[in-house]
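Listed below, chain by chain, are the residues.
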Amino acid sequence: MEPPEGAKIELEEAEEIILRWDSTASEEGRDKMIFQGDRLEVDRYLLAVDQIQRSISSVSISDDQSKVNSAIQIAMARLEDEFRNILLIHTSPIETDSLSDPSSSTHSSSAASGGGGGADFEDDGDDDKDDDELLRRGDSSNSVSYRSTSSIREIDLIPSDAVIDLRSIADRMISAGYLRECIQVYGSVRKSAVDSSFRRLGIEKLSIGDIQRLEWEQLEAKIRRWIRAAKVCIRIVFASEKKLCEQIFEGIGTAIDDACFMETVKGPAIQLFNFAEAISISRRSPEKLFKILDLHDALMDLIPDIDVVFESKSSESIRIQAAEILSRLAEAARGILSEFENAVLREPSRVAVPGGTIHPLTRYVMNYISLISDYKQTLNELIVSKPSTGSRYSGDPTTPDMEFAELEGKTPLALHLIWIIVILQFNLDGKSKHYKDASLVHLFMMNNVHYIVQKVKGSPELREMIGDDYLKKLTGKFRLSATNYQRATWVRVLYCLRDEGLHVSGSFSSGVSKSALRERFKTFNAMFEEVHRTQATWLVPDSQLREELRISISEKLIPAYRSFLGRFRNHIESGKHPENYIKYSVEDLENAVLDFFEGYPVSQHLRRRSQ
């Protein structure tokens, strides 16, 4: 608080007051702090300092000049101690609050008092649990007020009466030429407060090398924590520190407030951004894409606030670092997507999956691009070029073709996703060749392309980007595979139920060769039993597709078998041991079809009707 206007004090009295509070020579000066005592004494001391400063230029006698200079030095040392003490006693740990996140559309207008436990920004598996946390003052004796600027929420870190005292001290120290000492004291105390906030937010002091040596699982948790903490650091901690510097130093001297602000936060800001920088230049791999995009989106969202908080010329390096990290994160995302495409194309596994089921690669790739579609807004901004597919007419057997003319109007991201599906099918086609059974080749492709179709249909974002035209093309491919499977399996079986080759011309008998008929039944039984034994171990994991396939088989098999029995049953039953040839009823076959595609072995013998 400034002394009352018009109050005056003589030079001798001023020197006496200064010396009385000299901590090197006075017991009272050692044991007490002026600004924690009587306000009248505070006013008297500030008046004494003002009088001494005014006397510097007017004192002519060398002894008096020496006394004045000595008094100024003692006064400045005292004010430096008082400045530090006021800062320390009003610097409290900043704690979490249940108020809304500063970036949300609504903000609480009420002040929050202190108290409560420390912040818990440890990763607990719930990504959003702490996203809306704010920091608050831990000093319950002082109310918290805010000055909102966009998503920035500035907290009054020190009570207004203490700010006035700090400003009155800073004004006198700076005018006496003690600017450097003032900045150093301020920066050391407030930087310690910022460091305390960092610890509560879980921001560790790690070098870029330390971060890059961590396992990715550890980094994932740290990225989630960093995103939450960075919002609070930029929008609350740094913004509030800047406001406090302005309250204390603005107008006292040229850019002093900014110098004190940078003295306080430059180190912590570099520490904060070093983490994101380490991620942006780390080794690329597909599993990192989504956390890198999360980092990119978080930093992109913070850039306007960074530009506001670090708007001065002296803090330009912070703005540049943030912008460069954002650019590198974007480049890393583009590079990972390209490398993922190459990995899908070249995925080398050669062991056929049992039963022709969905290949792990198919599940992985489709789940991956479904997640990619969740980031379509970001990736549509980052990706501006088509996928590099090589020459359409290169004739390279290791690379599929993709006709872009059919996909005119698609975004670059949509083209990349379609290209991934194209190369996935190309890779799967190569893997299908490892099956020795032609029927299983088609069943494998049917399962996998059907899975691709279902994943596209199940994601509105992915379906919108892929488009219904290409989805119809995919659907046609899986239906063609289903048709090819049925042809490869059942044409030979149904061929046994034809009439050709059974009739004998010119015979006095019924016109049917019983030996040929018996052989035909034996062949059918053997072929069906083999198909049943084998294909019961094959797997169609989608229950609806499995049922549709069984129905389609039954619609072809059952009527043909029923008709064949109707025409030729009497010829067999009139002979010896008919049960050796007509082994199965229509109902037996209907039940047998229900065993198909369950993925486990069945009895060597079909379930037969009661004899």
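- In the nomenclature of an unreviewed UniProt entry, the protein chain corresponds to Exocyst subunit Exo70 family protein from the organism Trema orientale.
- Quoted straight from UniProt, the Function (unreviewed entry) entry for the protein chain says "Component of the exocyst complex."
- According to its UniProt record, the protein chain has this under Sequence similarities (unreviewed entry): "Belongs to the EXO70 family."

Observations regarding the overall build of the protein chain
- Summing up its helical and strand segments, the protein chain has 20 helices and four strands in all.
- Once local pairs closer than 6 in sequence are excluded, the contacts in the protein chain between residues at least 24 apart make up 78%.
- When the accessible surface of the protein chain is split by element, carbon and sulfur atoms take 50% of a total near 28700 Å².

Details of the nonpolar core
- In this structure, F83, F238, F249, F310 and I372 are the most contacted members of the largest nonpolar core, which totals 183 residues.
- Contact partners of I372, with chain neighbours within four places excluded, come to L289, F290, L337, L379, L413 and L417.

What to know about the state of the cysteines
- Applying the stated criterion to the full structure yields zero disulfides.
- Here C182 is not disulfide-linked; the sulfur of C260 is the nearest cysteine sulfur, at 5.8 Å.
- In this model C260 remains outside any disulfide bridge; the closest cysteine sulfur is found in C245, 5.5 Å from its own.
- Given a relative accessible area of 0%, C260 falls into the buried group.

Some points on the confidence of the model for the protein chain
- With 84% of its residues at a pLDDT of 70 or more, the protein chain has an overall mean of 84.
- Per-residue pLDDT, averaged within each element of the protein chain, yields its smallest value for strand β2 (residues 134-137) (36) and its largest for helix α15 (residues 438-458) (97).
- Here residues 104-149 scores under 50 on pLDDT; set against residues more than four positions off or in separate chains, the count is 107 contacts.
- For residues 390-395, every residue scores under 50 in pLDDT, and the model assigns this stretch five contacts once sequence neighbours within four places are set aside.

A word on the packing of aromatic side chains
- Per the stated rule, a full pass over the model turns up 21 aromatic pairs.
- Geometrically, the ring pair formed by Y485 and F597 is edge-to-face, given 5.8 Å between the ring centres and 75° between the ring planes. You can see Y485 sitting in helix α17 (residues 468-495) and its partner F597 sitting in the segment after α20 (586-593), a full 112 residues away along the chain.
- A relative accessible area of 0% places F597 in the buried class.
- Seen from their ring centres, F564 and F568 are 4.9 Å apart, and the 55° between their planes marks the pair as tilted. Note that F564 and F568 are positioned in helix α19 (residues 543-573) at a spacing of four residues, about one turn of the helix.
- Over the ring of Y581 we find R518, and its NZ or CZ is 5.9 Å from the ring centre.

Focus: the side chain of Q271
- Relative to the helices and strands, Q271 resides in helix α9 (residues 256-280).
- Of note is the side chain of Q271, whose polar atom sits 3.2 Å from the backbone oxygen of E204.
- If sequence neighbours within four positions are ignored, Q271 has contacts with F198, I203, E204 and K205.

What to know about the pattern of salt bridges
- Following the criterion strictly, the structure yields 30 salt bridges and no others.
- The salt bridge involving E13 is made with R44; its shortest N-O contact spans 3.4 Å. Note that E13 is positioned in helix α1 (residues 11-20) and R44 in helix α3 (residues 39-55), a separation of 31 residues in sequence.
- Its relative accessible area of 33% is what places E13 among the partly exposed residues.
- Classification of R44 as partly exposed rests on a relative accessible area of 31%.
- With its nearest N and O atoms 3.2 Å apart, the salt bridge here joins D195 to K191.

Here's the deal with the side chain of S481
- Checked against the element boundaries, S481 lands in helix α17.
- The residues contacting S481, other than those within four sequence positions of it, are H442, M445 and M446.

Observations regarding the packing of α9 against helix α10 (residues 289-309)
- Here α9 crosses α10 at 160°, and the two axes come no closer than 11 Å. Taken together, the axis directions place α9 and α10 in an arrangement best described as roughly antiparallel. Both α9 and α10 take part in a crossing whose hand is left-handed. In this structure, α9 uses F261, F273 and I279 to contact α10, whose residues at the interface are I292, L295, L299, I306 and V309.
- Along the lines of polarity and charge, the residues of the contact of α9 with α10 split into eight nonpolar, no polar and no charged.

Focus: the packing of helix α5 (residues 160-175) against helix α8 (residues 216-249)
- It is the contact of α5 with α8, at a shortest axis distance of 8 Å, that shows an interaxial angle of 60°. What the angle tells us is that α5 and α8 run oblique. Residue-level inspection shows V163, L166, R167, A170 and I174 of α5 in contact with α8, the latter providing L244, E246, Q247, I248 and F249.
- The class makeup of the residues in the contact of α5 with α8 is seven nonpolar, one polar and two charged.

Re the environment of F528
- Its place among the elements puts F528 in helix α18 (residues 514-535).
- A C-alpha to C-alpha distance of 9.6 Å links F528 and A592, two positions 64 residues apart in sequence.

Conventions we followed
Residues numbered from 1 in each chain as written. Predicted model: local features only at pLDDT ≥ 70, side-chain atom pairs only at ≥ 80, totals over all residues. Heavy atoms only, no water. UniProt positions renumbered as here; feature names shortened; annotations may be inferred. Helix = DSSP H or I, 4+ residues; strand = E, 2+ residues; numbered from the N terminus. Contact = heavy atoms within 4.5 Å. Areas by Shrake-Rupley, 256 points an atom, 1.4 Å probe, with all protein chains shown as cover. Core = buried A, V, L, I, M, F, W, Y, C linked by side-chain atoms within 4.5 Å. Buried < 20%, exposed > 50% of the residue type's maximum accessible area, 1.4 Å probe, protein only. Disulfide = S-S within 2.5 Å. pLDDT = per-residue confidence, 0-100. Phe/Tyr/Trp six-rings, centres within 6.5 Å; stacked < 30°, edge-to-face > 60°. Lys NZ or Arg CZ within 6 Å of the ring centre and 35° of its normal. Polar contact = N/O pair within 3.5 Å; in protein donor to acceptor, adjacent residues only side chain to side chain. Salt bridge = Lys/Arg side-chain N within 4 Å of Asp/Glu carboxyl O. Axes fitted to C-alpha atoms, helices over the stretch in contact; angles between N-to-C directions. Parallel < 35°, antiparallel > 145°, perpendicular 65-115°, else oblique. Left-handed = near helix turned anticlockwise from the far one by under 90°. Nonpolar A, V, L, I, M, F, W, Y, C, P; charged D, E, K, R; others polar.

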